Amino acid sequence: MALPKLDAPTYNLTLPSTKKKIKYRPFLVKEEKILLMANEGDDVEEQIDAVKQIISNCIITKGIKIESLATFDIEYLFVNIRSKSVGNIVQLNYKHDCTNKSEDGTPTQCDVRFDINLDNVEIENSEDHTNKIDLTDDVGVIMKYPDFRVINGIQSLDTFEDTMKMLSNCIEYIYEGDEVHDVTDYQDEEIFAFLESLSQTQFQSINKFFETMPQCVSEANVSCPDCDWSTSFKLRGITDFFV
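Colleague: Report on the nonpolar core, specifying residues and quantitative values.
Modeller: One finds Ile55 and Leu77 to be the most contacted residues of the largest nonpolar core, which totals 37 residues. Looking at this core, the elements that each hand over two or more residues are strand 2 (21-24), helix 2 (44-58), helix 3 (71-85), strand 3 (89-101), strand 4 (107-117), strand 10 (215-223) and helix 8 (238-242). The greatest single-element share of this core, amounting to six residues, is contributed by helix 3. Those residues within four positions of Leu77 in sequence are excluded, and the remaining contacts are Leu13, Leu15, Ile22, Ile55, Ile59 and Leu69. Counting residues in each nonpolar core, the second largest holds 20 residues, with Val141, Met143, Phe194 and Leu195 among its members.

Listed below in structure tokens is the structure:
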């Protein structure tokens, strides 16, 4: 006699970048094992691959290409899947110098614990965010959001080379008047040469696209139980929510 199969509940979610509605399920023990194994090491690429695999397993809607989703789509998906799988409350620590002194009069550093409700995580959109960036009166670029394919191919943004690679991978079109150039028709070296020809002001205008990009945020309110200190701030991205 076959063992019983357990049906997981399903939930609906709207992808922030495309407004497409999808259906997903919570992750199961087999997916939690993937995440735990990835977190045991310090390999960021393995952790990214684990998140990618979990999301891929949990999305029920057909035709969703995980690697083409914007990074904030991935974050929003993972936060919601984590909320429905393990629980919506995450407890975090905040270090602060307590106003109550120790016996020798030196400041005491406290670890203040506080809760975040993952169901309250929202996508923050900047009013001045745009993917169409004018570089001159007739030349500009149309940008696209970084996705898993971009992130997997870049070790960090600490080097000039990786920054240039990120920018080139996120340019979709370069326009000159009425003429539009699809960057897929050009070699990487040609795109790099175009970026290297920009002035600092023009380069910063492209960089602003990333600085103002939508992101997952949640309000945090922290107060110390040992003194009158309290503060409020925003958590941004899954690294803030789950560190």
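Colleague: I'd like a description of the sheet that holds strand 8 (residues 171-176), backed by residues and values.
Modeller: Strand order in the open sheet made by the four strands is 6-7-8-9, with antiparallel pairing throughout. A single partner strand is all that each edge strand has here, and the edge strands are strand 6 (132-134) and strand 9 (179-182). Strand-to-strand twist in this sheet, taken as the mean axis angle between neighbours without regard to direction, amounts to 20 degrees. Across five bridges, strand 7 (residues 139-143) lies against strand 8 in antiparallel orientation. Within strand 8, the position partnered with Ile142 by the bridge is Tyr173. Against the sheet, helix 5 (residues 160-170) engages strand 7 and strand 8, with an angle of about 75 degrees to strand 8.

Colleague: Summarise the sheet that holds strand 10; cite the residues concerned and give the values.
Modeller: Read from one edge of the open sheet, three strands run 5-10-11, paired in antiparallel fashion. Across the chains shown, the open sheet's two edge strands, defined by having one partner strand only, are strand 5 (122-124) and strand 11 (230-236). Neighbour-to-neighbour, the strand axes of the sheet open up by a mean angle of 45 degrees, direction not taken into account. Bridge analysis of strand 10 against strand 11 gives seven bridges, and the strand direction is antiparallel.

Colleague: If you had to explain the packing of aromatic side chains to someone new, which residues and values would you point to?
Modeller: Under the counting rule described, the total for this entry stands at seven aromatic pairs. Their ring planes at 35 degrees and their centres at 5.8 Å tell us that Tyr11 and Tyr24 sit as a pair that is tilted. With a gap of 13 residues between them, Tyr11 in strand 1 (residues 11-14) and Tyr24 in strand 2 connect regions that are remote in the sequence. The exposure class assigned to Tyr11 is partly exposed, which follows from its relative accessible area of 26%. Tyr24 gets classed as buried once you look at its relative accessible area, which sits at 1%. Between Phe114 and Phe233 the ring centres are 6.0 Å apart and the planes differ by 80 degrees, which places this aromatic pair in the edge-to-face class. Note that Phe114 is positioned in strand 4 and Phe233 in strand 11, a separation of 119 residues in sequence. Accessibility expressed as a relative area gives 6% for Phe114, which makes it buried. One aromatic cluster is present, built from ring pairs that chain together Phe72, Tyr145, Phe209 and Phe210. Its end group placed over the ring of Tyr11, Lys84 keeps NZ or CZ at 5.3 Å from the ring centre.

Colleague: Break down the pattern of salt bridges for me, with residues and values.
Modeller: The tally for this structure, following the rule as stated, stands at eight salt bridges. Between Glu124 and Arg236 there is a salt bridge, with the nearest N and O atoms lying 2.7 Å from each other. Placement of the pair is Glu124 in strand 5 and Arg236 in strand 11, with a sequence separation of 112 residues. Classification of Arg236 as partly exposed rests on a relative accessible area of 33%. A salt bridge links Lys132 to Asp134; the nearest nitrogen and oxygen atoms lie 3.3 Å apart. Each of Glu124, Lys234 and Arg236 takes part in one network of salt bridges that share partners.

Conventions and cut-offs
Residues numbered from 1 in each chain as written. Predicted model: local features only at pLDDT ≥ 70, side-chain atom pairs only at ≥ 80, totals over all residues. Heavy atoms only, no water. Core = buried A, V, L, I, M, F, W, Y, C linked by side-chain atoms within 4.5 Å. Buried < 20%, exposed > 50% of the residue type's maximum accessible area, 1.4 Å probe, protein only. Helix = DSSP H or I, 4+ residues; strand = E, 2+ residues; numbered from the N terminus. Contact = heavy atoms within 4.5 Å. Pairing = 2+ DSSP bridges. Axes fitted to C-alpha atoms, helices over the stretch in contact; angles between N-to-C directions. Phe/Tyr/Trp six-rings, centres within 6.5 Å; stacked < 30°, edge-to-face > 60°. Lys NZ or Arg CZ within 6 Å of the ring centre and 35° of its normal. Salt bridge = Lys/Arg side-chain N within 4 Å of Asp/Glu carboxyl O.

These figures capture arrangement, not role.
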